[in-house]
Amino acid sequence: MMSTDDIVARLLEELSDAKTWPARFKGALESGADIGHEIAEADKKIEQLEQRAKDAMKRLGCVSPQTRSIHHGMADMLMEWHIFKDSLG
């Protein structure tokens, strides 16, 4: 079974990776690729990651340094994703 530190580290990696998706999708769109389906799937994954992050923060409590790290990772991911989605029009 994974330790809390391992679970948090994995979640932070996933949030960081998801933060890069908008740049990849933007590049694909600029090259003319039809990636509407991939964007829709990523949107679902973003929602799931957000929920997992919120659940982890609840379990850890508001005074845990890990909670702050997760919050920042989630906020960064969501900000990048919503800027990207808004740019789609």
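Heads up: the structure comes first, above all this text.
What counts, and at which threshold
- Residues numbered from 1 in each chain as written.
- Predicted model: local features only at pLDDT ≥ 70, side-chain atom pairs only at ≥ 80, totals over all residues.
- Heavy atoms only, no water.
- Helix = DSSP H or I, 4+ residues; strand = E, 2+ residues; numbered from the N terminus.
- Expected span 1.5 Å × (residues − 1).
- Buried < 20%, exposed > 50% of the residue type's maximum accessible area, 1.4 Å probe, protein only.
- Contact = heavy atoms within 4.5 Å.
- Core = buried A, V, L, I, M, F, W, Y, C linked by side-chain atoms within 4.5 Å.
- Axes fitted to C-alpha atoms, helices over the stretch in contact; angles between N-to-C directions.
- Parallel < 35°, antiparallel > 145°, perpendicular 65-115°, else oblique.
- Left-handed = near helix turned anticlockwise from the far one by under 90°.
- Nonpolar A, V, L, I, M, F, W, Y, C, P; charged D, E, K, R; others polar.
- Phe/Tyr/Trp six-rings, centres within 6.5 Å; stacked < 30°, edge-to-face > 60°.

A. Up close: helix H1 (residues 4-30). Over its 27 residues, H1 runs 40 Å from end to end, which matches the ideal 39 Å to within 8%, given 1.5 Å per residue. Within H1, the full set of buried residues consists of Val8, Leu11, Leu15, Ala18, Trp21, Pro22 and Phe25. Where H1 is buried, its residues meet helix H2 (36-60) and helix H3 (65-87). Following H1 by one or two positions, Gly32 adopts a phi angle in the positive range, close to 90°.

B. Region of interest: the nonpolar core. Membership of the largest hydrophobic core comes to 20 residues, with the highest contact counts inside it found for Leu15, Phe25, Ile70 and Trp81. Listed by contribution, the elements that provide at least two residues to this core are H1, H2 and H3. With seven residues, the top contributor of residues to this core is H2. Residues contacting Ile70, with those up to four places away along its chain left out, are Val8, Leu11, Leu12, Leu15, Ala53, Ala56, Met57 and Leu60.

C. Representation of the side chain of Thr67. Residue placement: Thr67 occurs in helix H3. Filtering out sequence-adjacent residues up to four positions away, Thr67 remains in contact with Met57, Leu60, Gly61 and Cys62.

D. Structural context of the packing of H2 against H3. Relative orientation of the contacting elements H2 and H3 amounts to 160°, with a least axis distance of 10 Å. Compared by their axis directions, H2 and H3 come out roughly antiparallel. Viewed along their axes, H2 and H3 form a crossing whose handedness is left-handed. Contacts between H2 and H3 pair Ile39, Ala42, Asp43, Ile46, Leu49, Glu50, Ala53, Lys54, Ala56, Met57 and Leu60 from the former with Gln66, Thr67, Ile70, His71, Met74, Met77, Leu78, Trp81, Phe84 and Lys85 from the latter. Class assignment for the residues of the contact of H2 with H3 results in 14 nonpolar, three polar and four charged.

E. Summary view of the packing of aromatic side chains. Inspection of the entire model under this criterion finds three aromatic pairs. Residues Trp81 and Phe84 carry aromatic rings whose centres are separated by 5.4 Å and whose planes lie at 45° to one another, so their mutual orientation is tilted. A residue pair is termed a helical-turn pair when its members lie 3 or 4 positions apart in one helix, as Trp81 and Phe84 do in helix H3 at three residues. With relative accessibility at 0%, the residue Trp81 sits in the buried group.

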